[in-house]
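Structure at a glance
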Amino acid sequence: MVCSPLAWAHPGRTNSSGCHNERATGGYHCHNGGGGGGGGWSELAETPTRLKVIAIPRARVWINGAFVGMSPTPAVRVDGTKVRILLEHAALGRHETTATLDPGGTTALTVRW
């Protein structure tokens, strides 16, 4: 059997427009034509707000209470524009800060303590 990887289904829920975010790539795409009504078009989806945290290497990073990985993190989607960042490092201890992000964009935030 021959099949194309582009045709494989993948897990993930879609919104009412048939669209969703891709965690691996940070992209956003739609299935089944995007769910627009009849005319073959649909409104553009709102661009998600994303945050990438850059801190001392190997610091554990939490954004709004959710663990997102070790620094530097990939760009992750966040809800809202005000975020709370908690860093934890074996040698430096814990550090907490807040930031206000531009909506609909990706912010690379460098945190020093």
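None of the values given here were measured: they were computed from a predicted structure.

Definitions and cut-offs
- Residues numbered from 1 in each chain as written.
- Predicted model: local features only at pLDDT ≥ 70, side-chain atom pairs only at ≥ 80, totals over all residues.
- Heavy atoms only, no water.
- Pairing = 2+ DSSP bridges.
- Helix = DSSP H or I, 4+ residues; strand = E, 2+ residues; numbered from the N terminus.
- Axes fitted to C-alpha atoms, helices over the stretch in contact; angles between N-to-C directions.
- Phe/Tyr/Trp six-rings, centres within 6.5 Å; stacked < 30°, edge-to-face > 60°.
- Lys NZ or Arg CZ within 6 Å of the ring centre and 35° of its normal.
- Core = buried A, V, L, I, M, F, W, Y, C linked by side-chain atoms within 4.5 Å.
- Buried < 20%, exposed > 50% of the residue type's maximum accessible area, 1.4 Å probe, protein only.
- Contact = heavy atoms within 4.5 Å.

Judged from the four bridges that link them, strand E4 (residues 60-63) and strand E7 (residues 82-89) form a sheet pairing that is antiparallel. If you follow Val61 over to E7, its bridge partner there is Leu87. Bridge count for E7 against strand E8 (residues 93-100) is eight bridges, and the pairing is antiparallel. Note on E8: the bridge partner recorded for Leu86 is Glu96. Where E7 hands over to E8, the hairpin turn is made up of three residues, counted between the paired strands.

Next up on the list: the sheet that holds strand E6 (residues 76-78). The strand order across the open sheet formed by three strands is E6-E3-E9, and the pairing between neighbours is mixed. Of all the strands in the sheet, just E6 and strand E9 (106-110) have a single pairing partner and so form its edges. Within this sheet the neighbouring strands show an average axis-to-axis angle of 40°, counted without direction. As defined by bridge partners, strand E3 (residues 49-54) adjoins E9 across five bridges and the pair is classed as parallel. Bridging across to E9, Leu51 finds its partner in Thr107.

Of the consecutive residues Ser71 and Pro72, the connecting peptide bond is found in the cis state with omega at -5°. Note that Pro72 resides in the loop between strand E5 (66-70) and E6. In the Ramachandran plot, Arg58 falls in the positive-phi region, its phi being about 70° despite a non-glycine side chain. Following the sequence through the fold, Arg58 ends up in the loop between E3 and E4.

Before going further, it helps to examine the packing of aromatic side chains. Applying the stated criterion across every chain, the model contains one aromatic pair. Across from the ring centre of Phe67, 4.5 Å away, lies the NZ or CZ of Arg60, which sits over that ring.

Turning next to the sheet that holds E5. Taken together, the four strands give an open sheet; going across it, the order is E5-E4-E7-E8, and neighbouring strands pair in antiparallel fashion. Of all strands in the sheet, those bounded by a partner on one side alone are E5 and E8. Put simply, the sheet's adjacent strands are angled 25° from each other on average, direction ignored.

One finds Leu51, Val53, Ile63, Val83, Ile85 and Leu87 to be the most contacted residues of the largest nonpolar core, which totals 14 residues. Broken down by secondary-structure element, the contributors of at least two residues to this core are E3, E4, E6 and E7. In terms of residues, this core owes the most to one element, E7, which gives three residues. The residues contacting Ile85, other than those within four sequence positions of it, are Leu51, Val53, Val61, Trp62, His95, Glu96, Thr97, Ala99 and Leu109.

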